[in-house]
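The residues making up each chain are set out below.
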Amino acid sequence: MVHTVSRKVPLVDLGDGTALLTDRYELTMLQAALRSGTADRRAVFEVFARSLPAGRRYGVVAGTGRLLDAIEAFRFGRAELEYLTADGIVDEPTAQWLENYRFSGHVWGYSEGDCYFPESPILVVEGTFAEAVLLETIALSILNHDCAVASAASRMAQAAQDRPLIEMGSRRTHEHAAVASARAAYIAGFATTSNLEAGRRYGVPTAGTSAHSFTLLHDSERHAFEAQLASLGESTTLLVDTYDVERAVRTAVELAGPSLGAVRIDSGDLGVMARSVRDQLDSLGAHDTRIVVTGDLDEYGIAALAAAPVNGYGVGTSLVTGSGAPTASLVYKLVARSDTPSAPMRPVAKRSPGKPSRGGRKAAVRRIDGRGTAYAEMVTTGEPAPGPNDRVLLAPLVRDGEIVGREPLQAARERHAASIAELPPTALQLSKGEPAVPTEFIDGGPRH
């Protein structure tokens, strides 16, 4: 058995703040808007993906909780302002404006863990242009990463069916991205992570036992197993492919007895090895000893092992890189603005070839049939008109600058399971195909 720890933790400490986790052009736009008198115009920005990664059937919203923490910590203190002015990035009037910056607008979003599709307005930010435009980079930075990881993790969890997955990609990505990846993977169905900071910061259950180096440290494999069993108990997981797998399994059962928790295989033909090890464990009376496999697995490798006697999977590189789609390709676009601070909103849109946007603030409803299956994503610029089984998708996250949408990570995890359950069966296929739920647009006229 892998050893796990889980506990509730307080609000994340983001240290010196998040205001400089942004692109320079956000501040140059701000400065120019302050000079032109347009900074206080009301504006609505939306986050959406024009398309899903090639062949994917759905995406998964993740990172919302991290984004809310980042918005709350988005402040320009003395150190940030000294850097911006000394380097000539902003002028003195802009620096004075930034000194008092607090986001005072509203944010709505798809709830964390929910699925999304092309053009789904997964985040809606409303405020003055000046205060809303500054959130573009931090919003996209967090959501593009976390949605990509969660979307890959969800596919892996579906391929694994009911077998548990361990996130173990910390050594394959940036140290802070590793923490975010573990959080996103847990939302999408992974059972545990190897990353202790994700355990401390977010309460994600942690797991881990030993690597090949521990076996190589000792004079023999037997000595290594004895040391691990003495420290962690017979429920531990022993790594059996450092030398000869058959001999290692025999030694492991001899030392731990038939109640040995698990063995881990990290190399070779995992399907063939798992069958051989299962037969050997059963012949030795260790019928309840589980088999965990690791080693460059992705959703396709996991699916290929569906018929093998495997009890769990460890996934690293493919998970933290989005399994070939390291970004969700989300964009943050201005879709409505006022001509003066008090004037009604009017839609605005890009017309660039290949990168158009749809004007007007959106609402979204997931159409659900009588059997509880989603069949359409309705996106409208008018007031949504949900049917008796439909779900309104945008929930309040920030109201008048106050965070109102925080929730336990477990809620996002449970929401994802429910969201997956309402998708049509085609959504769970790993073969390339169109989005499982088509997006339908309804122009209901401008919203004020």
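Relevant structure appears above.
Within each chain, residues carry numbers counting from 1 in the order of the written sequence. Where local features are concerned, this predicted model is filtered to residues with pLDDT of at least 70; where side-chain atom pairs are given and counted, the filter is 80 or more; whole-chain, interface and lining totals use all residues. To obtain the side-chain values, all non-hydrogen atoms of the structure were included, while hydrogens and water were left out.

A. Focus on the overall build of the chain. Only runs of H or I of at least four residues qualify as helices and only runs of E of at least two qualify as strands under DSSP, and these elements are numbered from the N terminus. Counting its regular elements, the chain contains 15 helices and 19 strands. Computation of the radius of gyration draws on C-alpha atoms, with the globule rule given as 2.2 Å multiplied by the number of residues to the power 0.38. Rg of the C-alpha trace for the chain: 25 Å, near the compact-globule value of 22 Å for 448 residues, within the 12% margin. Here the C-alpha coordinates of the chain stretch approximately 80 × 55 × 35 Å along the principal axes. Exposed residues in this analysis have more than 50% of their type's maximum accessible area, buried residues have under 20%, and partly exposed residues fall in between, with area computed by a 1.4 Å probe over protein chains only. The buried share of the chain, taken over its 448 residues, is 52%. Accessible surface for the chain amounts to roughly 19600 Å². Of this, 51% is attributable to carbon and sulfur atoms. For the charge count, each Lys or Arg is scored as positive and each Asp or Glu as negative, with His and the chain ends excluded. Here the site of a charge means NZ on Lys, CZ on Arg, CG on Asp, or CD on Glu. Charged side chains of the chain number 46 positive and 54 negative; the gap between the two group centres comes to 5 Å. A 1.4 Å probe and the Shrake-Rupley method give the accessible areas. Residues count as covered only by the protein chains that appear here.

B. Summary view of the sheet that holds strand 12 (residues 330–337). Strand pairing is assigned whenever DSSP detects at least two bridges linking the two strands. In spatial order, the strands read 13-12-1-5-3-17-18; together these 7 strands make up an open sheet with antiparallel pairing. The sheet is open, and its two borders are formed by strand 13 (346–347) and strand 18 (402–403), each paired with just one other strand. Sheet topology places strand 3 (residues 106–110) next to strand 5 (residues 123–128); 4 bridges connect them, and they run antiparallel. Residue V107 lies in a different strand from strand 5, and its bridge partner there is V125. With respect to the sheet, helix 2 (residues 64–72) is in contact with strand 3, strand 5, strand 17 (394–399) and strand 18, its orientation differing from that of strand 17 by roughly 20 degrees. Any two residues whose heavy atoms approach within 4.5 Å are treated as being in contact. Orientation is described by axes fitted as lines to C-alpha atoms, over the contacting stretch for helices, and by angles from 0 to 180 degrees between their N-to-C directions.

C. Seen up close, the pattern of salt bridges. The salt bridge definition used is simple: a Lys or Arg side-chain nitrogen within 4 Å of an Asp or Glu carboxyl oxygen. Within this structure, the stated rule accounts for 24 salt bridges. In this structure, R183 and E112 form a salt bridge, with 2.6 Å as the shortest nitrogen-oxygen distance. Of the two residues, R183 is situated in helix 7 (residues 175–187) and E112 in the loop between strand 3 and strand 4 (115–116); the sequence distance between them amounts to 71 residues. Where D369 meets R371, a salt bridge forms, and the shortest distance between an N and an O atom there is 3.3 Å.

D. View of helix 11 (residues 245–256). In this model, helix 11 (12 residues) spans 16 Å end to end at C-alpha, consistent with the 16 Å of a helix rising 1.5 Å per residue. Here helix 11 has its buried residues at V245, A248, V249, T251, A252, V253 and A256. Residues of helix 11 that are buried in the fold lie against helix 10 (221–232), strand 8 (237–239) and helix 12 (270–283). Between the side-chain oxygen of the N-cap and the backbone nitrogen of E246 there are 3.4 Å, and the N-cap of helix 11 in question is D244. In this analysis, the expected span of each helix is defined as 1.5 Å times one less than the number of residues it contains. Polar contacts, as counted here, are pairs of nitrogen or oxygen atoms within 3.5 Å of one another; within protein the pair requires one atom able to donate a hydrogen and one able to accept it, and residues that are adjacent in sequence qualify only if both atoms are side-chain atoms.

E. Structural view of the nonpolar core. Judged by nonpolar contacts, the single largest core of 63 residues is most densely connected at L165, V293, I302 and Y313. If you tally residues by element for this core, the top one is helix 6 (residues 136–160), at 8 residues. Excluding residues that lie within four positions of it along the chain, L165 makes contacts with M156, A157, A160, F190, A191, T192, I302, Y313 and V315. In this structure, L68, A130, L140 and L393 belong to the second largest nonpolar core, which totals 59 residues. We define the nonpolar core as a collection of buried residues of types Ala, Val, Leu, Ile, Met, Phe, Trp, Tyr and Cys that are connected through side-chain atoms lying within 4.5 Å of one another.

F. Here's a closer look at empty space enclosed by the protein. Cavities and pockets are found on a 1 Å grid laid over the protein atoms alone: a cavity is a set of points where a 1.4 Å probe fits but cannot escape, a pocket is an open set with protein on both sides within 12 Å along at least five of seven lines, and a lining residue has an atom within 4 Å of such a point. Grid points are joined across faces, edges and corners, and a volume is the space filled by probe spheres set on the points. Tallying each qualifying case throughout the model produces 3 cavities of 30 Å³ or more. Space inside the largest cavity adds up to approximately 70 Å³. E46, F48, E119, P121, V335, R358, K362, V379 and F441 together form the lining of the largest cavity. Partitioning the lining of the largest cavity into residue classes produces 5 nonpolar, no polar and 4 charged. Put simply, Ala, Val, Leu, Ile, Met, Phe, Trp, Tyr, Cys and Pro go in the nonpolar bin, Asp, Glu, Lys and Arg in the charged bin, and everything else, Gly too, in the polar bin.

G. How the structure looks around the sheet that holds strand 7 (residues 192–193). Taken in spatial order, the 6 strands of this open sheet run 7-6-11-10-9-8, and their pairing is parallel. Each edge of the open sheet is held by one strand with a lone partner, namely strand 7 and strand 8. In this sheet, strand 7 lies alongside strand 6 (residues 165–167) in parallel orientation, the contact comprising 2 bridges. Within strand 7, the position partnered with I166 by the bridge is T192.

H. Summary view of the side chain of T381. Locating T381 in the fold gives a position in the loop between strand 15 (374–380) and strand 16 (391–392). A polar contact is formed between the side chain of T381 and the side chain of D443, at a distance of 2.9 Å.

I. The arrangement of the packing of helix 10 against helix 11 in detail. Direction vectors running N to C along helix 10 and helix 11 enclose 40 degrees, while the axes themselves pass 10 Å from each other. One element, helix 10, and the other, helix 11, form an angle in the oblique class. Along this stretch, helix 10 crosses helix 11, giving a crossing that reads as right-handed. Mapping the contact onto sequence places E221, R222, F225, E226 and L229 in helix 10 and A248, T251, A252, E254, L255 and A256 in helix 11. Of the residues that constitute the contact of helix 10 with helix 11, the class distribution is 6 nonpolar, 1 polar and 4 charged. Comment on the angle field: the value is read as roughly parallel under 35 degrees, roughly antiparallel over 145, roughly perpendicular from 65 to 115, and oblique elsewhere. Here a crossing is taken to be left-handed if its near helix is turned anticlockwise relative to the far helix by less than a right angle, and right-handed if that turn runs clockwise.

J. Here's a closer look at the packing of aromatic side chains. Stacked, edge-to-face and tilted labels apply to pairs of Phe, Tyr and Trp rings (six-membered ring for Trp) whose centres lie within 6.5 Å, assigned for plane angles under 30 degrees, over 60, and everything in between, in that order. Counted according to the given criterion, the structure contains 6 aromatic pairs. Between F45 and Y332, the aromatic rings sit 4.8 Å apart at their centres with planes inclined by 25 degrees, giving stacked as the arrangement. Remark: Y332 occurs in strand 12 and F45 occurs in strand 1 (residues 42–49); sequence separation between them is 287 residues. Comparing F45 with Y332 shows no difference in burial state: the two are buried. Ring centres of F74 and F76 lie 5.7 Å apart, and the angle between their planes is 80 degrees; this geometry places the pair in the edge-to-face category. Connected via pairs of aromatic rings, a cluster forms that spans F74, F76, W97 and Y101.

K. Expanded view of unusual backbone geometry. Not every positive phi belongs to a glycine, and Q161 is a case in point at roughly 60 degrees. Structurally, Q161 can be placed in the loop between helix 6 and strand 6. The phi dihedral of S329 falls on the positive side, at around 60 degrees, and the residue is not glycine. Tracing the backbone shows S329 in the loop between helix 14 (317–320) and strand 12. S329 gets classed as partly exposed once you look at its relative accessible area, which sits at 45%.

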